[in-house]
Amino acid sequence: MKSILPRWRQILASLLLSVLLLVTACAPQAPSRWDEAQKESTQKPTQVSRTAGKPVEGGKFNKFFPAGGGGYQRVYTQEKPGFAEAKLKKSGQDVAVISISDTASNPTAAQKFQQSSKKIGGYPAVSQGSNGTAVLVANRYQVKVQSRSPGFTQSDRETWLQKFDLNGLSQLR
Amino acid sequence: MSKPIFQLVDELPTNNVTTMVLRSLDFVVPGQWQNIVGFTNTIKAVTGETDDSFIQQIGERAIFLYNDKSQGYQRAMWLYQTVDNTDTALAAAALANKVGGAIPLMGGLLTSLTPKANKAQAIDLCLKLVVELVAFCQINGIPGDSIGDFLGALGEYSGESLMRMAALVCIDGLIPLGPDFLGQTLSMLGETTPSDLEQNSTFKGISSLIPGGNPAGQLGFINQSFDSVKGWMSNFVASRGLTPEAVVSNMQNFVQISNDKLDYLGAFLDMSTNYYEHTGTQTLARRLIERAAAEI
């Protein structure tokens, strides 16, 4: 008996410790509006990766971007798989973000264009949120202009969308 | 598993030693840094959007991109987190002992600090610079050893990124190494051997993500990085007239220390702040959200 008792205590103590760790590790996190997205995007394979295709390299988009000019400066900022982005600056201030993304890696992004009744540069166009305008080229490439300054209006966004080489982009495979 | 991105941004502190230090450095880059915390808040601040369901879509895409390990965002976050070696207990104790809103750097707190040798400090400065370069490339999608692209982008730094560089110059340069911190770092770096590097605890933590292949090659990369950025730094210091005295006098409202103990102030700031992680999280969240808003 003598030798068994301390052993039981040891087991009990380690059991209690495990329970304590388990409880403190899981307890205090309040639910968040982002929990579902976190769960979905950490499962393998994810919903998105099941439906997504392979995107083209972001660097291939650069040549279809409009150059600066007319007081605007174009500064490239990001180049990731299926994505390229630049900002437009005027008098040192950021006024807009311009981008091309490949909806092959995010097919839901292309769906909103199905209801589009407007065309810009011959391609289906949508307004998004309060400061974004986008067109879908070749049913695949989303070209978007987002204002970052109140002075950069909806009509500025449409003008800049047409400055992209949309027809050139439509040939990209 | 590491924490979700929304949780990291939600948990950014609004008032600790790090935020006090960064606020005191506002005079270096006036108005550039606002301490934006919270994932939803950051989405609103970056995009200017207010519609809740649209914000939800942006946030969900950002979370998806962050969790896709091949995108590089998690590596960048890990670098920002690992290069700061904060002693949270010391920071908490210092805060608890505030007198009239300021931390008196004397007595027991002072004796618990060990200023770093200049060589270790110089290596730390260079490693933080290299972390910025590698993390920048991971976040923005430029090949990891592209010093030239980084240098071009440095001129475009603003907001919390510019504040991080300002803090690097002040906290890891001017305060511990003095007004000639660039010259000092250059000569210390010249004396550094690959085995010195291997013994540096900061290097041990991040070496797996530093380009160069082996310690000798990595030392070469560190030299090359510092060499190309030192001109930018020296111009940053000169154009703003920065001196150790100016930095310390702006810090006096939250930390009290005599001017002959600047190496202790350096040690205290090193141990009690995580300004790289704090502003790095803000930078990463901003870029991620920008991309998400463009892609959805």
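Placed above this text is the structure.
A short tour of the structure in this document, coming up.

Quick notes on the rules
- Note that residues are indexed from 1 along each chain, following the sequence as it is written.
- Chain labels run from A onward and ligand labels from 1 onward, assigned in the order the entries are written.
- Local features are withheld for residues below a pLDDT of 70 in this predicted model, meaning they are given only at 70 or higher, and side-chain atom pairs are given and counted only at 80 or more; totals for whole chains, interfaces and linings count all residues.
- Starting at the N terminus, helices and strands are each numbered in turn, a helix being any DSSP run of H or I of at least four residues and a strand any DSSP run of E of at least two.
- Residue pairs qualify as contacts under a 7 Å threshold applied to their C-beta atoms, which are placed from the backbone.
- To sort residues by exposure, count the other C-beta atoms lying within 10 Å of each residue's C-beta; 20 or more gives buried, 12 or fewer gives exposed, and values between give partly exposed, all with C-beta atoms placed from the backbone.
- In this scheme, strands are said to pair when DSSP sees at least two bridges between them.
- A set of buried Ala, Val, Leu, Ile, Met, Phe, Trp, Tyr and Cys residues, joined to one another through C-beta atoms within 7 Å, is what we call a nonpolar core.
- For helices, the fitted axis covers only the stretch in contact; all axes are lines through C-alpha atoms, and the angles between them, taken along N-to-C directions, range from 0 to 180 degrees.
- Between 65 and 115 degrees an angle is taken as roughly perpendicular, under 35 as roughly parallel, over 145 as roughly antiparallel, and anywhere else as oblique.
- Helix crossings get a hand from a simple test, with the near helix turned counterclockwise from the far one by less than a right angle marking a left-handed crossing and a clockwise turn marking a right-handed one.
- Residues are grouped as follows: Ala, Val, Leu, Ile, Met, Phe, Trp, Tyr, Cys and Pro are nonpolar; Asp, Glu, Lys and Arg are charged; every other residue, Gly included, is polar.

1. Observations regarding the overall build of chain A
The secondary structure content of chain A amounts to six helices and seven strands. From first element to last, N terminus to C terminus, chain A shows the α and β order α-α-α-β-β-β-α-β-β-β-β-α-α. When contacts within chain A are restricted to residue pairs at least 6 apart in sequence, those whose partners lie at least 24 apart make up 46%.

2. Digging into the pairing of strand β6 (residues 132–137) of chain A
Residues and elements named next belong to chain A. In terms of burial, β6 is a largely internal element, six of the six residues being buried. Burial along β6 is two-sided: the residues G132, A134 and L136 and T133, V135 and V137 are all buried. Summarising the sheet, strand β5 (residues 123–128) and β6 pair through four bridges and their orientation is antiparallel. Bridge pairing in β6 links A125 to V135. Between the end of β5 and the start of β6, which pair antiparallel, lie three residues, with G129 showing a positive phi angle near 60°. Pairing of β6 with strand β7 (residues 141–147) involves six bridges; the strand directions are antiparallel. Residue pairing across strands places L136 opposite Q142, the latter belonging to β7.

3. A word on the nonpolar core
In terms of nonpolar packing, the biggest core is built from 121 residues, with V135 of chain A together with C126, C170 and L288 of chain B touching the most fellow members. A per-element tally of this core places helix α8 (residues 118–140) of chain B first, with 14 residues. If we skip the residues at most four places from it in the chain, V135 of chain A touches I120, G121, Y123, P124, A125, V143, L161 and L166 of chain A.

4. Looking at the pairing of β5 of chain A
Residue and element names in this part refer to chain A. Relative to β5, strand β4 (residues 118–120) is paired through three bridges, and the arrangement is antiparallel. Note that in β5 the partner of K119 across the bridge is P124. Following β4, the chain reverses through two residues before pairing antiparallel with β5; G121 in that reversal takes a positive phi of roughly 60°.

5. Describing the environment of I43 of chain B
All names here are of chain B. Locating I43 in the fold gives a position in helix α3 (residues 39–47). Distance from I43 to I289, taken between C-alpha atoms, is 6.3 Å for residues 246 residues apart in sequence. If we ignore the near neighbours within four places in the chain, the residues touching I43 are I55, I58, G59 and I289.

6. Some remarks on the packing of helix α9 (residues 147–154) of chain B against helix α14 (residues 215–239) of chain B
Helix-helix packing is described using two parameters, namely the angle between the two axes and the distance between the axes. All names here are of chain B. Look at α9 against α14: their axes get within 11 Å of each other, and the N-to-C directions meet at 20°. In this view, α9 runs roughly parallel relative to α14, as classed from their interaxial angle. In the packing of α9 onto α14, the handedness of the crossing is right-handed. Residues I147, L151 and L154 of α9 touch α14, and the partners they reach there are Q224, S225, S228, V229 and W232. Across the contact of α9 with α14, the residue classes break down as five nonpolar, three polar and no charged.

7. Regarding the interface of chain A and chain B
Counting residues at the interface gives 26 residues for chain A and 26 residues for chain B. Of the residues forming the side of chain A that touches chain B, the biggest block, five residues, is contributed by strand β1 (residues 72–80) of chain A. Its residues assigned to classes, the side of chain A that touches chain B comprises seven nonpolar, 14 polar and five charged.

8. Quick notes on unusual backbone geometry
Residue and element names in this part refer to chain A. The residue S91 is not glycine, and still its phi comes out positive at about 50°. Here S91 is to be found in the loop between β2 (83–90) and β3 (93–102). For S91, a count of 8 C-beta atoms within 10 Å corresponds to the exposed category. The backbone of A138 shows a phi angle near 55°, a positive value even though the residue is not glycine. For A138, the location among the structural elements is in the loop between β6 and β7. Classification of A138 by C-beta neighbours within 10 Å gives partly exposed; the count is 13.

9. Here's the deal with the environment of K98 of chain B
Among the secondary structure elements, K98 of chain B is positioned in the loop between α6 (88–96) and β1 (103–104). Separated by 184 residues in sequence, K98 of chain B and Q282 of chain B have C-alpha atoms that sit 27 Å apart.

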